[in-house]
Amino acid sequence: MIKLSKTSKLDGILSWSLQALETCPASKNKDGSLVDACKGCYATTGNYNFPNVKAPRIHNREDWKRDDWISDMVKALDSSRYFRWFDSGDMYDLSLANKILAVMQLTPWVKHWMPTRMHKFIKFQHTIDAMQELPNVVVRFSSDSVDGKTIPGLTTSTIFSDSLPTGAVECKAYQHDGKCNGCRACYDKSVSVIAYKAHGVKMGKVIKILAVKG
Ligand code: SF4
């Protein structure tokens with residue numbers, strides 16, 4: 001059964017998610033430590049620890065393997081105009097990535113936003129390229145940085161603590177009680193870089209530690 005999430009942050013736009021970190025192989029450095037951006041991950045705190053929030057994410061990790069998953073996802077998106085992949089988690093498995101690509105191809109009426117770090121793995125390149133070629137899909141490569149460094153890619157995102165990176169569009173959700181409030185910049189291919197201001201207690205600690213290290 002398809003289990004989508006509806007968060008108030010996204011103005012009620014539906015999302016399909018997995019558990020953070022355990023489905024995020026690109027969240028780790030070569031030595032096994034978390035990259036800076038993932039040390040402050042919002043999806044490992046607060047509401048994300050509630051059983052009713054964890055349950056669909058745990059369910060989805062097995063559910064996508066069903067033969068009918070693609071057609072069931074297409075049906076589930078019948079009345080959606082926008083869709084967010086991975087409010088938490090990442091497309092950790094190439095078979096999952098290819099199934100998501102099929103859903104994107106079969107739902108041209110939906111604008112899909114897919115944040116990911118899986119571009120770090122060369123075997124995902126072909127699938128990600130095919131997603132990016134679709135007019136209704138924005139794959140945003142997430143930077144590991146928390147000080148505004150951006151990465152090459154058609155559409156990307158980064159976290160910043162002080163000054164807004166040059167050319168980036170700033171996410172203003174923090175000015176609207178954490179909600180998108182009608183903004184759809186993340187779903188817009190013409191917006192190259194989205195910059196999220198570092199926020200939250202966990203991320204604040206990461207920024208402080210990095211500042212001490214210099
Ligand atoms: S940039 Fe706009 S669409 Fe993206 S998360 Fe922020 S408010 Fe929402």
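Quick note: structure is the one above.
Predicted model, so just to flag it, every value in this text is computed and none were measured.

**Topic: the overall build of the protein**
Turning to step 1, where the next piece is worked out: Looking only at helices and strands, the protein has 6 helices and 8 strands in total.
Turning to step 2, where the next piece is worked out: Ordered by position from the N terminus, the helices and strands of the protein form the series β-β-α-α-α-β-α-β-α-β-β-β-β-α.
Turning to step 3, where the next piece is worked out: The C-alpha atoms of the protein give a radius of gyration of 17 Å, which matches the 17 Å a tight globule of 214 residues would have.
Turning to step 4, where the next piece is worked out: With the principal axes as the frame, the protein shows a C-alpha extent of 50 × 35 × 35 Å.
Turning to step 5, where the next piece is worked out: Put simply, the protein has 214 residues, and 46% of those count as buried.
Turning to step 6, where the next piece is worked out: Pairs at least 24 residues apart make up 73% of the contacts formed inside the protein by residues separated by at least 6 positions.
Turning to step 7, where the next piece is worked out: On the protein, roughly 10,900 Å² of surface is accessible, and the fraction owed to carbon and sulfur atoms is 56%.
Turning to step 8, where the next piece is worked out: Each charge class in the protein was averaged separately, 30 positive and 21 negative side chains, and the resulting centres sit 4 Å apart.

**Examining the packing of aromatic side chains**
Describing an aromatic ring pair means giving the distance of the ring centres and the angle of the ring planes.
Turning to step 1, where the next piece is worked out: The full count for this structure, using the stated rule, is 11 aromatic pairs.
Turning to step 2, where the next piece is worked out: Through a chain of ring-to-ring contacts, the aromatic side chains of Trp16, Trp69, Phe83, Trp85 and Phe86 assemble into a single cluster.

**Notes on the packing of helix α4 (residues 94–106) against helix α5 (residues 125–133)**
Turning to step 1, where the next piece is worked out: At a minimum axis separation of 10 Å, α4 and α5 run at an interaxial angle of 15°. By the angle between their directions, the pair α4 and α5 is classed as roughly parallel. As for the relative orientation of α4 and α5, their crossing is left-handed in sense. Contacts from Leu94, Ala97, Asn98, Ile100, Leu101 and Met104 in α4 reach Thr127, Ala130 and Met131 in α5.
Turning to step 2, where the next piece is worked out: Broken down by class, the residue content of the contact of α4 with α5 amounts to 7 nonpolar, 2 polar and no charged.

**Comments concerning the pairing of strand β6 (residues 156–160)**
Turning to step 1, where the next piece is worked out: Here β6 lies mainly inside the structure; 5 of its 5 residues are buried.
Turning to step 2, where the next piece is worked out: Of the two faces of β6, the one holding Thr156, Thr158 and Phe160 and the one holding Ser157 and Ile159 are both buried throughout.
Turning to step 3, where the next piece is worked out: Here strand β5 (residues 137–142) runs beside β6; their pairing, made up of 2 bridges, is parallel. Looking across to β6, one finds that serine 142 is bridged to serine 157.
Turning to step 4, where the next piece is worked out: Relative to strand β8 (residues 193–197), β6 runs parallel, the two being bridged by 5 bridges. Looking at the pairing, isoleucine 159 lines up with tyrosine 196 of β8.

**Observations regarding the packing of helix α3 (residues 69–76) against α4**
Turning to step 1, where the next piece is worked out: Closest axis-to-axis distance for the α3/α4 pair is 9 Å, and the angle between their directions is 40°. Taken together, the axis directions place α3 and α4 in an arrangement best described as oblique. As for how α3 packs across α4, the hand of that crossing is right-handed. Here Trp69, Ile70, Met73 and Val74 of α3 come into contact with α4, specifically with Leu96, Lys99, Ile100, Ala102, Val103 and Leu106.
Turning to step 2, where the next piece is worked out: A per-class count over the contact of α3 with α4 returns 9 nonpolar, no polar and 1 charged.

**Some thoughts on the side chain of serine 17**
Turning to step 1, where the next piece is worked out: Turning to its location among the elements, serine 17 is positioned in the loop between β2 (14–16) and α1 (36–39).
Turning to step 2, where the next piece is worked out: Separated by 3.0 Å, the side chain of serine 17 and the backbone nitrogen of aspartate 87 make a polar contact.
Turning to step 3, where the next piece is worked out: The contact partners of serine 17, leaving out residues within four places of it in the chain, are Pro56, Arg57, Asn60, Phe86, Asp87 and Ser88.

Reading the values: the criteria
Residues numbered from 1 in each chain as written. Predicted model: local features only at pLDDT ≥ 70, side-chain atom pairs only at ≥ 80, totals over all residues. Heavy atoms only, no water. Helix = DSSP H or I, 4+ residues; strand = E, 2+ residues; numbered from the N terminus. Rg over C-alpha atoms; globule rule 2.2 N^0.38 Å. Buried < 20%, exposed > 50% of the residue type's maximum accessible area, 1.4 Å probe, protein only. Contact = heavy atoms within 4.5 Å. Areas by Shrake-Rupley, 256 points an atom, 1.4 Å probe, with all protein chains shown as cover. Lys, Arg positive; Asp, Glu negative; His and termini not counted. Charge placed at Lys NZ, Arg CZ, Asp CG, Glu CD. Phe/Tyr/Trp six-rings, centres within 6.5 Å; stacked < 30°, edge-to-face > 60°. Axes fitted to C-alpha atoms, helices over the stretch in contact; angles between N-to-C directions. Parallel < 35°, antiparallel > 145°, perpendicular 65-115°, else oblique. Left-handed = near helix turned anticlockwise from the far one by under 90°. Nonpolar A, V, L, I, M, F, W, Y, C, P; charged D, E, K, R; others polar. Pairing = 2+ DSSP bridges. Polar contact = N/O pair within 3.5 Å; in protein donor to acceptor, adjacent residues only side chain to side chain.

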